[in-house]
Every structure is written in structure tokens, then in C-alpha cells.
Amino acid sequence: MRHSPPMTPFSLLNSLLIAPFRAFSHPEAAFLFGMVVLALGCAVLGLLGAALVGYAQRVRWAKEDAETRHRQELSFEALRQGDKKAYNAQNMLAQEAYTNTMALSAGRAAATLWPACAVLTWLHWRFEGVPMPYLWEEAGPASYFLPLYIGALWGITRLRRAKKTAPPATAGDAAHQTD
């Protein structure tokens, strides 16, 4: 009796990522479908990761943001009073707090991008040397994935923003729609 070797985490991930590329028998359709699924999955995972990082950083970000505004107001007040030394000191502290806020924002950006970087690495490994359909000879999988990923991020954020700004539905509205 022959035993198959246990699946490694990489082979498990590889099986998961390649599955959408095997959804259709037509190779170009399967490739495009796989790219769309990976781009959407990366966008969703990235935005969820950014939300999680934002949630974890919310207290620190609010503190740094308040510190930035406070120091900025103090620097403007010192400028109005003609105290150049106090203005420079407060302005430097405001810039430091602003830099801390920007570093926290960079953490959220990194959380958004890591799934795409990981998938791009896998795509390069998996499709190295394979000619890309409908593109020039030197094109690689990134030529498909990056525009799809950017479009997925844009589309999801637009949908989330539209959902936030939509007026809440009331019970009376639902009753009128069923008539």
C-alpha cells in the first residue's frame, strides 16, 4: 500500500489559488476568470486587513491626530503673538506628531497590499514562461493582475462608500415597494 506524502502549506495554498484557473475548459477563459477571482479575493482580503489594522490602531491614531492639531494651533498662536522661537518649537512637535500619523497610515496601506504581493509572487512562479493570452510576447501575469486588482479595490471602495451614504431604508419604504 502506497501512502501519499502529506500536503505542505505551500501545496495546499497552490491548490487553492490554481482552482479558479481550472473552472473552464477553454484556457483563455479559465485564465481570465482565475485572474478576476484572485484580484477580487486579494482586494477583499487587503481591505479586511486594512480595517483590522485600523481598528487596532484607532486609539493611537486618534491620539496622534489630536496631538498634531493641538501643536498646530499652538504654533499658529505663537506666530500671531510674534514668538518665532515658540512657533518653531511647536511646529516641529506638530510635524513629529503628523509623521507618526502618516506612519500609522502606511501600516494600513501595507495591510491592503500584502495579499496582492503574495499572489503576484505566486503568479510569477506558476506562470513563468507561459505566454499570456491576447498580450505581447514579453507580458507576464502582472499585466493582467494589476489592472484587475486596482479595479477591484476601486470598485469595492466605491460600493462601500455608496452604501454608507445611502439613506437608511424605513419600514414604510419597504411596504410601498411591495405594492
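Residues numbered from 1 in each chain as written. Predicted model: local features only at pLDDT ≥ 70, side-chain atom pairs only at ≥ 80, totals over all residues. Heavy atoms only, no water.

A look at the overall build of the chain
Part 1 of the argument: When its secondary structure is counted, the chain shows five helices and zero strands.
Part 2 of the argument: In the chain, the order of α-helices and β-strands from amino to carboxyl end is α-α-α-α-α.
Part 3 of the argument: At 25 Å, the chain has a C-alpha radius of gyration far larger than the 16 Å of a compact globule built from 179 residues.
Part 4 of the argument: Its C-alpha atoms give the chain principal-axis dimensions of roughly 85 × 55 × 45 Å.
Part 5 of the argument: A total of 179 residues make up the chain; the buried ones form 27% of that total.
Part 6 of the argument: Sequence-distant contacts in the chain: of pairs separated by 6 or more residues, those separated by 24 or more amount to 70%.
Part 7 of the argument: Charge centroids of the chain, computed over 17 positive and 13 negative side chains, lie 6 Å from each other. (Helix = DSSP H or I, 4+ residues; strand = E, 2+ residues; numbered from the N terminus. Rg over C-alpha atoms; globule rule 2.2 N^0.38 Å. Buried < 20%, exposed > 50% of the residue type's maximum accessible area, 1.4 Å probe, protein only. Contact = heavy atoms within 4.5 Å. Lys, Arg positive; Asp, Glu negative; His and termini not counted. Charge placed at Lys NZ, Arg CZ, Asp CG, Glu CD.)

Remarks on helix 4 (residues 142–165)
Part 1 of the argument: Counted at 1.5 Å a residue, the expected span for helix 4 with its 24 residues is 34 Å, and the 34 Å between its end C-alpha atoms agrees.
Part 2 of the argument: What helix 4 keeps buried is the set Y144, F145, Y149, A152, L153 and I156.
Part 3 of the argument: Check the buried side of helix 4 and you find it contacts helix 2 (27–80) and helix 3 (84–127). (Expected span 1.5 Å × (residues − 1).)

Focus on the packing of aromatic side chains
Part 1 of the argument: Counting across every chain of the model gives nine aromatic pairs.
Part 2 of the argument: Here a set of aromatic residues connected by ring pairs shows up, and it is made of F21, F31, W122, F127 and Y144.
Part 3 of the argument: Taking NZ or CZ as reference, R58 lies 4.1 Å from the ring centre of Y55, over its face. (Phe/Tyr/Trp six-rings, centres within 6.5 Å; stacked < 30°, edge-to-face > 60°. Lys NZ or Arg CZ within 6 Å of the ring centre and 35° of its normal.)

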